[in-house]
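What the coordinates show
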Amino acid sequence: MGPHPAVAAIRLAVRRVLHDILTDHSSHSPHSRTTGERAGERVGGRIGARRARPGGGIQAISGIPEIPEQTPNERPPSPLVLVACSGGADSMALASALAFEAPKLGIRAGGITVDHGLQPGSDLRADEVVLRLRELGLDPVESITVTVGRDGGPEAAARDARYAALDAALERHGGTAILLGHTRDDQAETVLLGLARGSGIRSLSGMAAVSGAGGRYRRPFLQLDRQTARKACMVQALPVWDDPHNADPAYTRSRLRHEGLPALEKALGKGVVEALARTAQLSRDDADALDTWASQAEASVRDAAGLLECAKLYALPPAVRRRILRRAAIEAGAPAGSLFARHIEEVDRLITGWRGQGAINLPGKVVAQRQGGRLVIRQG
């Protein structure tokens, strides 16, 4: 008899991502071999047979001397994959699936929990999460305390602090990737939040399955609903912690989760979450194609000095032109997170609605102005 369907679903999702990570790792480390490959080496000469230890690593078969894992010039024989775990159902389900699947593929698996310090007793809860992750067999496991600023609001500030801590942890431990427990429900909420802000197609594309520098962040559960993860925890008797912030109406995402989405499902019927998640994927495909087009077209609209030529920009489709303008503003120093569609629309009018208007002030003290048929975007 196999595992419960919910457990089987989360394990399959993680297994697929781990296979992708192994493939990427092998392509970047042509001389490194996974544990499974090393275990299959023939006995003979100076090469001994090996088997994988239950917790990862290699041991020699009885009577055969063990060969050192690596020489000083080799990379580690297998990648280290970390799971970001808050102690909630989604991330605990993810941690349990990683702990089960990683050893079978010769992957080292660890866990990180971030203490934002925003609630009384958060340090004690972080310690509990560390204990649970170690009980699953993950190693290394670490709790990181961060200081949350105020830029962009409490949710954005906490997110920025969390990702900075995860980036640092990955570098510190020499890891390859970090698994995040975002589900299909989280994806649907992200799409609706982007729609409410009047954002472009990139915002509507939601969260990517692979993101971050070098593809370090992986989201195995984007095709699974939140209930599946919770059910997997329940049947495995995994204790979970329900963050009170997730039910606090002071937070926009919380209101959307407990009021907005249920109202949409009541009005439109079941399947809203699935449809929004599908919209995210379709939007991402379109946004990726337009980004590629803009990247290829940018060189053709710059003069010998590297300045943007207004006439050539005008000839491009608006979606392509505005991507070029946004990229130019960011390169000049405008913070990407503070650069909104309305800013780019104002800059775009210097191209499409030129009436001699003055310079446009952008975030980050960046100024855009039209001079002699050229668009100049620079620090003011």
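Residues numbered from 1 in each chain as written. Predicted model: local features only at pLDDT ≥ 70, side-chain atom pairs only at ≥ 80, totals over all residues. Heavy atoms only, no water.

1. Looking at the sheet that holds strand E10 (residues 360-362)
With antiparallel pairing, the 4 strands of this open sheet are ordered in space as E9-E12-E11-E10. Strands with a single pairing partner mark the edges of an open sheet, and in this sheet they are strand E9 (308-309) and E10. Examined bridge by bridge, E9 and strand E12 (residues 374-379) share 2 bridges and lie antiparallel to one another. Bridge pairing in E12 places Leu-308 opposite Leu-375. Here helix H12 (residues 318-331) sits on the sheet in contact with E9, E10, strand E11 (366-371) and E12, set at roughly 35° to E12. (Pairing = 2+ DSSP bridges. Helix = DSSP H or I, 4+ residues; strand = E, 2+ residues; numbered from the N terminus. Contact = heavy atoms within 4.5 Å. Axes fitted to C-alpha atoms, helices over the stretch in contact; angles between N-to-C directions.)

2. Here we look at the pairing of E12
Where E11 and E12 come together, 6 bridges link them in antiparallel fashion. Paired with Arg-370 across the strands is Leu-375, a residue of E12. From the end of E11 to the start of E12, which pair antiparallel, there are 2 residues, and Gly-372 there has a positive phi angle of about 55°.

3. Thoughts on the environment of Gly-149
By secondary structure assignment, the location of Gly-149 is in the loop between strand E5 (141-145) and helix H5 (154-173). A sequence separation of 12 residues divides Gly-149 from Ala-161, and the C-alpha atoms of the two residues are 7.7 Å apart.

4. A few points about the nonpolar core
Grouped together as the largest cluster of nonpolar side chains are 37 residues, with contacts concentrated most on Leu-18, Leu-98, Leu-138, Leu-179 and Phe-221. For this core, the elements supplying multiple residues, two or more each, are helix H1 (5-28), strand E3 (80-84), helix H3 (89-101), helix H4 (122-135), strand E6 (177-179) and helix H8 (226-235). A total of 9 residues in this core trace back to one element, the largest contributor, which is H1. When near neighbours in sequence (up to four residues on either side) are disregarded, Leu-179 contacts Val-14, Val-17, Ile-21, Val-81, Leu-82, Val-83, Ala-84, Leu-94, Leu-98, Arg-218 and Pro-220. (Core = buried A, V, L, I, M, F, W, Y, C linked by side-chain atoms within 4.5 Å. Buried < 20%, exposed > 50% of the residue type's maximum accessible area, 1.4 Å probe, protein only.)

5. Some details on the packing of aromatic side chains
Applying the stated criterion across every chain yields a total of 1 aromatic pair. Plain terms: the ring middles of Tyr-163 and Tyr-217 are 5.1 Å apart, the flat faces sit at 85° to each other, and that makes the pair edge-to-face. With a gap of 54 residues between them, Tyr-163 in helix H5 and Tyr-217 in strand E8 (residues 217-218) connect regions that are remote in the sequence. In this structure, Arg-11 is placed above the aromatic ring of Phe-100, and the distance from its NZ or CZ to the ring centre is 3.5 Å. (Phe/Tyr/Trp six-rings, centres within 6.5 Å; stacked < 30°, edge-to-face > 60°. Lys NZ or Arg CZ within 6 Å of the ring centre and 35° of its normal.)

6. So, the side chain of Thr-183
Inspection of the secondary structure assignment puts Thr-183 in the loop between E6 and helix H6 (184-196). Those residues in contact with Thr-183 that lie beyond four places of it in its chain are Asp-90, Phe-221, Leu-222, Leu-224, Asp-225 and Arg-226.

7. Quick notes on the layout of surface pockets
What the second largest pocket holds in volume is close to 490 Å³. Lining the second largest pocket are 25 residues, with Ala-209, Arg-219, Pro-220, Leu-222 and Gln-223 sitting closest to its centre. Listing elements by their share of the lining of the second largest pocket, those giving two or more residues are H1, H6 and helix H10 (272-298). Along the lines of polarity and charge, the residues of the lining of the second largest pocket split into 13 nonpolar, 4 polar and 8 charged. (1 Å grid on protein atoms, 1.4 Å probe; cavity = no way out; pocket = protein on both sides within 12 Å on 5 of 7 lines; lining within 4 Å. Points joined across faces, edges and corners; volume = space filled by probe spheres on them. Nonpolar A, V, L, I, M, F, W, Y, C, P; charged D, E, K, R; others polar.)

8. Observations regarding the packing of H1 against H8
Where H1 contacts H8, the two axes come as close as 8 Å, and the packing angle between them is 115°. As for the relative orientation of H1 and H8, their crossing is left-handed in sense. Side by side, H1 and H8 meet where Ala-6, Val-7, Ala-9 and Ile-10 of the first sit next to Thr-228, Lys-231, Ala-232 and Val-235 of the second. The residue makeup of the contact of H1 with H8, split by class, is 6 nonpolar, 1 polar and 1 charged. (Left-handed = near helix turned anticlockwise from the far one by under 90°.)

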